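Residue-level listing of the chains:
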Amino acid sequence: QVQLVESGGGLVQAGGSLRLSCAASGRTFSGYSLAWFRQAPGKERERVAGISPSGDSTNYINSVKGRFTISRDNAKNTVYLQMNSLKPEDTAVYYCAARNPGRIEYQFWGRGTQVTVSS
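The structure presented is a predicted model; accordingly, all values stated were derived computationally and were not measured.

Draft legend 1. Focus on the overall build of the chain. Check the secondary structure of the chain and you find zero helices and 11 strands. For the chain, the α and β elements follow one another from N to C terminus as β-β-β-β-β-β-β-β-β-β-β. Computed over its C-alpha atoms, the radius of gyration of the chain comes to 13 Å, within 12% of the 14 Å expected for a compact globule of 119 residues. Projected onto its principal axes, the C-alpha coordinates of the chain cover approximately 40 × 25 × 25 Å. A separation of at least 24 residues holds for 54% of the contacts in the chain among residues at least 6 apart in sequence.

Rendered as structure tokens:
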């Protein structure tokens, strides 16, 4: 029901910044909870940041607090992840995902965008 397409990944030096975008299509985008996940080779996928439908509530894993900011623009059907002070440990494929607030599992996923942070 929702299609998600990530963009903005790339190669950046440690300490640099990237801004990821995820453009969504489908009805009731503003009603979905959204999140950014990442998965590094050989590691489990982890949720990096989440945001409520209205954007008034966000959460982050401890390792990115103070460095990453998730935001959304419901008028543009887009969710963003601003990543500052990047570290090599942030290297991963980053995915955006969406779910109905009434669901536990994220139902809709983008295909991912690669973020590589060099030391």
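On we go.
Draft legend 2. Here's a closer look at the side chain of T78. By the secondary structure assignment, T78 is in strand β8 (residues 78-83). Here T78 falls in the buried class, since its relative accessible area comes to 9%. Discounting chain neighbours no more than four positions away, the residues touching T78 are S21, C22, A23, F29, S71, R72 and D73.

Draft legend 3. Focus on the packing of aromatic side chains. Under the criterion given, the structure shown has four aromatic pairs. Aromatic side chains F37 and Y106 sit 5.2 Å apart centroid to centroid with 80° between the ring planes, which places their arrangement in the edge-to-face category. Pair noted here: F37 is in strand β4 (residues 33-39) and Y106 is in the loop between β9 (92-99) and β10 (108-109), with a separation of 69 residues, a long-range link. Accessibility classification places F37 together with Y106 in one group, the buried group. Plain terms: the ring middles of F37 and W109 are 4.6 Å apart, the flat faces sit at 50° to each other, and that makes the pair tilted. Of this pair, F37 sits in strand β4 while W109 sits in strand β10; the two residues are 72 residues apart in sequence, bridging distant segments of the chain.

Draft legend 4. Summary view of the state of the cysteines. Tallied over the full model, the rule gives one disulfide. With a sulfur-sulfur separation of 1.9 Å, C22 is cross-linked through a disulfide to C96. Disulfide C22-C96: torsion about the S-S bond near 45°, hence right-handed. Pair noted here: C22 is in strand β3 (residues 18-25) and C96 is in strand β9, with a separation of 74 residues, a long-range link. The same class applies to C22 as to C96, namely buried.

The rules we used
- Residue positions within a chain follow its written sequence, with the count starting from 1.
- Totals for whole chains, interfaces and linings use every residue, but because this is a predicted model, local features are given only for residues with pLDDT of at least 70 and side-chain atom pairs only at 80 or more, for both listing and counting.
- Hydrogens and waters are ignored; side-chain quantities use all the structure's heavy atoms.
- Only DSSP runs of H or I reaching four residues or more are called helices, and only runs of E reaching two or more are called strands; each is numbered from the N terminus.
- Using C-alpha atoms as the atom set, the radius of gyration is obtained and then compared with a globule rule of 2.2 Å times the number of residues to the power 0.38.
- Note on definitions: a residue-residue contact is assigned when non-hydrogen atoms from the two residues lie within 4.5 Å.
- Categorising residues by exposure relies on relative accessible area from a 1.4 Å probe, with only protein chains included: less than 20% of the type maximum marks a residue as buried, more than 50% marks it as exposed, and the intermediate range marks it as partly exposed.
- Each aromatic pair joins two rings of Phe, Tyr and Trp (for Trp, the six-membered one) with centres within 6.5 Å, and gets the label stacked for planes under 30 degrees apart, edge-to-face for over 60, and tilted for any other angle.
- When two cysteine sulfur atoms lie within 2.5 Å, the pair is treated as a disulfide.

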